[in-house]
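# Commentary on secondary and tertiary structure
Each chain, letter by letter, is given below.
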Amino acid sequence: ASIVLAASQYQPVTQPPAHAAVKPSMKPVLAKPVAKLPVTPVTLDWPGAEPLSRSRTMAYAALFRAWGADYQGVDECLQSETLGLRCRTARGGLDELRQLNRPAVLFMRDNQGQEFYATLTRLDNQSATFIVGTETRTVALADLAEKWSGHYTLLWRMPPVASRAIKPGERGPDVVWLSSQLAQIFGNTTEPGKDPVFDEAMVRQVKQFQLVQGLTPDGSVGSQTMIRLSSAADLTAPKLSHEQGKK
């Protein structure tokens, strides 16, 4: 009996598992922030390695290259007509260039008063990309605003029309072209062989197009409207922005 009592009174001591040992807490080591080097903004200046006297020729050479042609160094507008293109020289703003959506040669003046030409090849909401001499530079729109005079020249594909204006009530090949352009822009279909009239329905479409393009919605197709119509439906021409046609 004494042996049984001794066994019942024996209690083994339970040892905690080895893995349950409490480790001392370690504070995370924070990485020191890396100092950022100052970024020098890209500016729209004429490159010093290029002769300023060749500014105009180099700019138009880049413009014609965008259309897959070589600039011959002659009058740009005369040469453009031999390629089935037309030349537009005007003064405007960025909104106008966005709507036309074609590469353009811009007349610039830097902070030292030096005048030069640069070819605008891309334009978005924050920046503009230029070919300046032999260099390609992307600059902020603020830098462009400081140096651009508003003068520009661009090329656009000549439509197959005989007159420089198409008026309501007319019919013929020019109106056939107009009907085809509007159908392509608005996603409609045209009847082959039909001789359309520039009627009220077509006038309404022209006004709607003019309003979207920022033009006076008078329903008459003059040079400005003709340029926009031709450019909007020309899928093979070089563009400043490929996002415009997706909107």
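Refer to the structure presented above.
These numbers come from a predicted model, not from an experiment. (Residues numbered from 1 in each chain as written. Predicted model: local features only at pLDDT ≥ 70, side-chain atom pairs only at ≥ 80, totals over all residues. Heavy atoms only, no water.)

In spatial order, the strands read E1-E6-E2-E3-E4-E5; together these 6 strands make up an open sheet with antiparallel pairing. In the strand order of this sheet, the two ends are held by strand E1 (85–91) and strand E5 (135–140), each with one partner. For this sheet, the mean angle separating the axes of adjacent strands, direction not counted, is 30°. Across the sheet, helix H2 (residues 55–66) touches strand E2 (104–109), strand E3 (115–123), strand E4 (127–132) and strand E6 (148–157), and the angle it forms with E3 is around 20°. (Pairing = 2+ DSSP bridges. Helix = DSSP H or I, 4+ residues; strand = E, 2+ residues; numbered from the N terminus. Axes fitted to C-alpha atoms, helices over the stretch in contact; angles between N-to-C directions. Contact = heavy atoms within 4.5 Å.)

Attention shifts here to unusual backbone geometry. With a phi angle near 55°, Asn101 is a residue other than glycine that sits in the positive phi range. Looking at the secondary structure, you find Asn101 in the loop between helix H4 (94–100) and E2.

Further remarks concern the state of the cysteines. Where two cysteines share a covalent bond between their sulfur atoms, that bond is called a disulfide. Applying the stated rule across the entire model yields 1 disulfide. At a sulfur-sulfur separation of 2.2 Å, the disulfide partner of Cys77 is Cys87. Of this pair, Cys77 sits in helix H3 (residues 76–82) while Cys87 sits in strand E1, and the two are 10 residues apart along the sequence. Here Cys87 falls in the partly exposed class, since its relative accessible area comes to 21%. (Disulfide = S-S within 2.5 Å. Buried < 20%, exposed > 50% of the residue type's maximum accessible area, 1.4 Å probe, protein only.)

Interaxial distance between helix H6 (residues 173–186) and helix H7 (residues 200–212) falls to 11 Å at its minimum, and their mutual angle equals 55°. Considering their axes alone, H6 and H7 lie oblique with respect to each other. H6 and H7 meet at a crossing whose hand is left-handed. Contacts from Val175, Leu178, Ser179, Leu182, Ile185 and Phe186 of H6 reach H7 at Met202, Gln205, Val206, Gln208 and Phe209. The residue makeup of the contact of H6 with H7, split by class, is 8 nonpolar, 3 polar and no charged. (Parallel < 35°, antiparallel > 145°, perpendicular 65-115°, else oblique. Left-handed = near helix turned anticlockwise from the far one by under 90°. Nonpolar A, V, L, I, M, F, W, Y, C, P; charged D, E, K, R; others polar.)

Now for helix H8 (residues 223–233). For H8, the buried fraction is high: 8 of the 11 residues fall into the buried class. Three or more residues of H8 are buried, namely Thr225, Met226, Ile227, Arg228, Leu229, Ser230, Ser231 and Ala233. As for H8, its buried residues are in contact with E1, H4, E6, H6 and H7.

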